[in-house]
Structures are given as C-alpha cells and as structure tokens.
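# Topology and contacts: notes
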Amino acid sequence: MFDNIQVQKVGKLLSQPKNIALVSHKNPDGDTISASLAMMHYLRQKGHSISILVPNQYPEFYNWIPGCQEFIIFDKDAALVREKVENADIIFCIDFNRLSRTGNMATDLSKSKAVKIVIDHHLEPSEEFDYYFTETDTSSTGELVYEFIEAFGDKKMINKDIAIAIYVAIMTDTGSFSYSCDHARTYQIASELIGNGVEVSLVHKLVYDTFTETRLRLLGFAISERMLVWKEFHAAVIYLDKKDLDRFNYQVGDTEGVVNYPLSIADVNLSVLLTEKDRLIRISFRSKGNFNVNRLASAHFDGGGHKNASGGTSALTIDETIGKLKEVIQHYKEELDYKISL
Ligand code: 5GP
Ligand code: MN
C-alpha cells in the first residue's frame, strides 16, 4: 500500500518521542475529525506528545467520539494553535491534499519547519509535504490510518477508541457503506474494527439520529422549496441563502447530507448544493456514475475533491451562482446524459 522507503524513514522519525500536531481540514467532516482522533490515540501509545488542531468548528454530532474535547479550534484560539504549530517536530495533515484546505491556518503551516506528513485520499496532492501516505482509490482517510498503523506493525495497538474513530471515518465518508466502498478490503477492515469493540448500530445512531427538529425541517424545506431540477442536464440544484438558514436556526453540520438527496431521483446524475456562508457561497457537488465533479469544481469553482464528491466556492450572489452553474454545465450536457447500469 505505502512506499517502503517512506515507511522506513517515517518509522525512524517516530522511534523517538516527538511533539506532533495533527491537523484537520476546514469545515471538518467525519473523516478528517475521526482519522485525526485515531492517529492521536495511536501515536500517544507510542510515547509522542500530541495536539490536535482544526481550522473551524466541527459538527456537534461528532462530540461523543473519544478524544473530541481535545480539539483546539483556530477560529476560537488562534494563539494556542500557532504555539502548537511552532513547537511541532512533525505535522500530520489528515484528509486534505494541499495546505490551503486549512483556510486561515495555511500560512502558519507553510511557514513551519516541522516535517509534514500527509495521510489522504484526495486527487492530486500538492508538493508541500515531506512524506506521502496517499491513495485515492480508498474509502476514506480513516481507512488509510488503519493501513498506516498496520504498515508500522502496530495492529495490536488498535484499541476500542481507535476502532470507533476509524469506523466513523469510513462510515461517514461512504454514506454508510453506499459509495466509495467497492473494495473487499474496506469490509475486512470494518470487520476487524467490529472485532475491536465497535457497536455498528449504536455508532450509526450516535452520528445520524441526532438531528434537531429545525435541522430536519430545514431538510424538508430545502427539498420542497429550494430544489431546481434541470431535466435536460440530468442535474439538480438546492440553494439556501442566509435568511433560509436563519429561519431554521442553522448550526454547523445542519446541511451535511442535504446534497445527496437529489441524486435519489432516477435521472439526476449531478447534484449541487449552494449555501450562503459569510460573504461566499459554499458549493457541494455530488454525482452518481461517471460524471467527474472534481473537474467541474476545480475548473470553475475554485475547488476540488473526488470524482463523485467535491466542494468549491463562489464569490457571486446565489442567483448569479445559479446562473453561472447553468451556463457552465451546458458544456457538460453530453457527459451528463447517461443511465447508470450494471
Ligand atoms: P463537501 O461537499 O462535503 O464539503 O466536500 C466534498 C469533498 O470535496 C470532500 O472530500 C472535501 O474534502 C472536498 N472539498 C470540499 N471543499 C473543497 C474545496 O474548496 N477545495 C478542495 N480541493 N476540495 C474540497
Ligand atoms: Mn475524506
């Protein structure tokens, strides 16, 4: 899975106690949060001093994962994050492929002289790192953390806390084992994690059955009142402006998953969610089947991600962004015209 020489070199680095910072990407999701926590529980057993840093607030429904209380959030305590970055011998970049994905933390990270190690599954990692533990054809960064631990011969260190964290990472990045999970390996790993104490149905409930009433009503409103279906392009768009979000008392994480719903329409191959955040429009892209949203996001919306799930931004208004989107996807009309089949 990983390059042997890198494993040896990093193994040597990790053979003495080090100050290590684990860093998540901006707008943290279940994978970046949980993969980082799994690494924290693992590296502490090896005698390292660990801090765990995140650019902005993660959704509250991950708060139960063991270790979550230890996250230092740049938006809330920039000074402490800077101190940890400055003191770090090693920085692990977890679930992102370029430092700019850490938002306001990126400048401090790029200035740091620490050894930078990336563990990630996004396309096209940048050249900002010293060591690469990357593989795009895998379910999640959580799965790569398992492979990382195994590569160093430390599988016996996988305890219940690590198993839960890796399981949450895989579960959330595959939509509960419904996409990016075509390899038997993912299930072999899941099976081992269950052997280490993961209670699958409990973990599922702790992550997914935690909506507030307003979050569920926002989902209903988004689908019923804010979804455009562009049949000719096999595409659908959901747009939520600040007023909509305020009306439903929006909290971080409340729009997670919303973008997937339009793909449940048989002929829709592309789904786009626009949300008005601060002065920018956050964009989420999802596709089913062959259409590559990473290309769309990186070519036109300053973003990227994976073939079937990407993100980006727009500095236009919501209406203008919808207009731009319609204009842009004209050029992909033929590529979007397919039926998924066996
Ligand atoms: P989401 O739509 O859930 O925010 O993101 C979907 C996927 O795209 C995730 O894997 C995420 O890491 C990636 N992604 C989201 N936003 C951006 C972005 O602005 N730039 C890049 N390169 N990737 C993004
Ligand atoms: Mn991920």
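All of the points below concern the structure found in this document. Treat the numbers as computed from the prediction; the structure is a model and nothing was measured. Counting restarts for each chain: residues are numbered from 1 in the order of the written sequence. All chains are assigned letters beginning at A, and all ligands numbers beginning at 1, according to the order in which they are written. Reporting of local features is limited, given that this is a predicted model, to residues whose pLDDT is at least 70; pairs of side-chain atoms are given and counted only at 80 or more, and all residues count toward the totals for whole chains, interfaces and linings. For side-chain calculations, the full set of non-hydrogen atoms in the structure is used, while hydrogens and water are omitted.

## As for the nonpolar core
Across soluble globular proteins, you tend to see nonpolar side chains buried next to one another. So the rule is basically this: Throughout this description, the term nonpolar core refers to a set of buried Ala, Val, Leu, Ile, Met, Phe, Trp, Tyr and Cys residues connected via side-chain atoms within 4.5 Å. Partly exposed residues are those whose accessible area sits between 20% and 50% of the maximum for their type, while under 20% is buried and over 50% is exposed, using a 1.4 Å probe and protein chains only. Strands are runs of DSSP state E lasting at least two residues, helices are runs of H or I lasting at least four, and both sets are numbered from the N terminus onward. Note on definitions: a residue-residue contact is assigned when non-hydrogen atoms from the two residues lie within 4.5 Å.
If you look at the biggest cluster of nonpolar residues, it comprises 54 residues, and the most contacted ones within it are Leu-22, Met-39, Phe-92, Phe-133 and Phe-148. When residues of this core are assigned to their parent elements, the largest contribution, nine residues, is made by helix α6 (residues 160–173). In contact with Phe-92, not counting residues within four places along its chain, are Ile-20, Ala-21, Leu-22, Val-23, Met-39, Leu-43, Ile-117, Ile-119 and Phe-148.

## Points about the pairing of strand β6 (residues 131–134)
Where we set the bar: Two strands qualify as a pair provided that DSSP identifies no fewer than 2 bridges between them.
Residues Tyr-131 and Phe-133 line the buried face of β6, whereas the alternating positions Tyr-132 and Thr-134 sit on a face that is not buried. Bridging between strand β5 (residues 115–120) and β6 involves four bridges; their strand directions are parallel. Each residue of the ladder has a partner; that of Val-118, found in β6, is Tyr-132.

## A word on the pairing of strand β10 (residues 280–287)
Sheet topology places strand β9 (residues 270–277) next to β10; eight bridges connect them, and they run antiparallel. Bridging from a neighbouring strand, Leu-274 pairs with Ile-283 of β10. In textbook terms, the turn of a hairpin is the stretch between consecutive antiparallel strands, and for β9 and β10 this stretch comprises two residues, one of which, Asp-278, has a positive phi near 50 degrees. For β10 and strand β12 (residues 309–314), the ladder comprises six bridges, and the chain directions are antiparallel. Following the sheet pairing, Ser-284 is matched in β12 by Gly-311.

## Looking at the coordination of the manganese ion (ligand 2)
The criterion, for reference: Only nitrogen, oxygen and sulfur atoms qualify as donors, provided they sit within 2.8 Å of the metal or within 3.2 Å for Na, K and Ca; with water excluded from the atoms, sites may seem incomplete.
At this site the manganese ion (ligand 2) is bound by Asp-31 (OD), Asp-95 (OD), His-121 (NE2) and Asp-173 (OD), with donor distances of 2.2 to 2.4 Å. Expressed as a motif, the donor residue spacing for the manganese ion (ligand 2) is D-x63-D-x25-H-x51-D. Within this pair, whereas Asp-95 is found in the loop between β4 (90–94) and α4 (106–111), its partner Asp-173 is found in helix α6, the two being separated by 78 residues in sequence. Comparing Asp-95 with Asp-173 shows no difference in burial state: the two are buried.

## Considering the packing of helix α2 (residues 30–45) against α6
Rules: All axes here are fitted lines through C-alpha atoms, helices being fitted over the stretch that makes contact, and every angle between N-to-C directions spans 0 to 180 degrees. When an angle is under 35 degrees it counts as roughly parallel; over 145 it counts as roughly antiparallel; between 65 and 115 it counts as roughly perpendicular; any other value is oblique. Definitions for this section: a left-handed crossing has its near helix turned counterclockwise from the far helix by less than a right angle. A right-handed crossing has that turn clockwise.
Interaxial distance between α2 and α6 falls to 8 Å at its minimum, and their mutual angle equals 160 degrees. For the element pair α2 / α6, the angle class is roughly antiparallel. You can see that α2 and α6 cross each other, and the crossing is left-handed. Taking contact as the criterion, the partners of Gly-30, Asp-31, Ser-34, Ala-35, Leu-37, Ala-38, His-41, Tyr-42 and Gln-45 in α2 are, on α6, Asp-161, Ile-162, Ala-165, Ile-166, Val-168, Ala-169, Thr-172 and Asp-173.

## Some points on unusual backbone geometry
Notably, Phe-177 is not glycine yet its phi reads approximately 60 degrees, a positive angle. The backbone of His-234 sits at a positive phi, close to 55 degrees, despite the residue not being glycine. With respect to the helices, strands and loops of the structure, His-234 is situated in the loop between β7 (227–230) and β8 (235–240). Assessed through its relative accessible area of 15%, His-234 is described here as buried.

## Overview of helix α11 (residues 293–300)
What counts is decided by this rule: Picture the helix axis, draw a direction to every C-beta atom, and the arc is the one those directions span. Two N or O atoms form a polar contact when they lie within 3.5 Å of each other; inside protein one atom must be a possible hydrogen donor and the other a possible acceptor, and for residues adjacent in sequence the pair counts only when both atoms belong to side chains.
Here α11 has its buried residues at Val-293, Asn-294, Leu-296 and Ala-297. One face of α11 carries all of its buried residues, which in axial projection span an arc of 165 degrees. Measuring from the backbone nitrogen of Asn-294 back to the side-chain oxygen at the start of α11 gives 2.9 Å, which picks out Asn-292 as the cap.

## Comments concerning the side chain of Glu-143
This is how the line gets drawn: This count recognises Lys and Arg as positive and Asp and Glu as negative, with His and chain-terminal groups excluded. What makes a salt bridge here is a side-chain nitrogen of Lys or Arg within 4 Å of a carboxyl oxygen of Asp or Glu, nothing more.
Examined against the element boundaries, Glu-143 turns out to sit in helix α5 (residues 141–151). There is no salt bridge for the buried Glu-143, and the closest opposite charge comes from Arg-185, which lies 5.3 Å off by N-O distance. Setting aside its immediate chain neighbours within four residues, Glu-143 contacts Thr-138, Ile-166, Ile-170, Arg-185, Thr-186 and Ile-189.

## A few points about the sheet that holds β6
To summarise the sheet geometry, strands pair through backbone hydrogen bonds and adopt either a parallel or an antiparallel arrangement. Pairing in this open sheet of six strands is parallel, and the strands run β3-β2-β1-β4-β5-β6 from one edge to the other. Edge strands, defined here as strands with exactly one partner in the open sheet, are β3 (71–73) and β6. Sheet twist, expressed as the average angle between the axes of neighbouring strands with direction ignored, equals 25 degrees. As defined by bridge partners, β4 adjoins β5 across five bridges and the pair is classed as parallel. Note that in β5 the partner of Ile-94 across the bridge is Ile-119.

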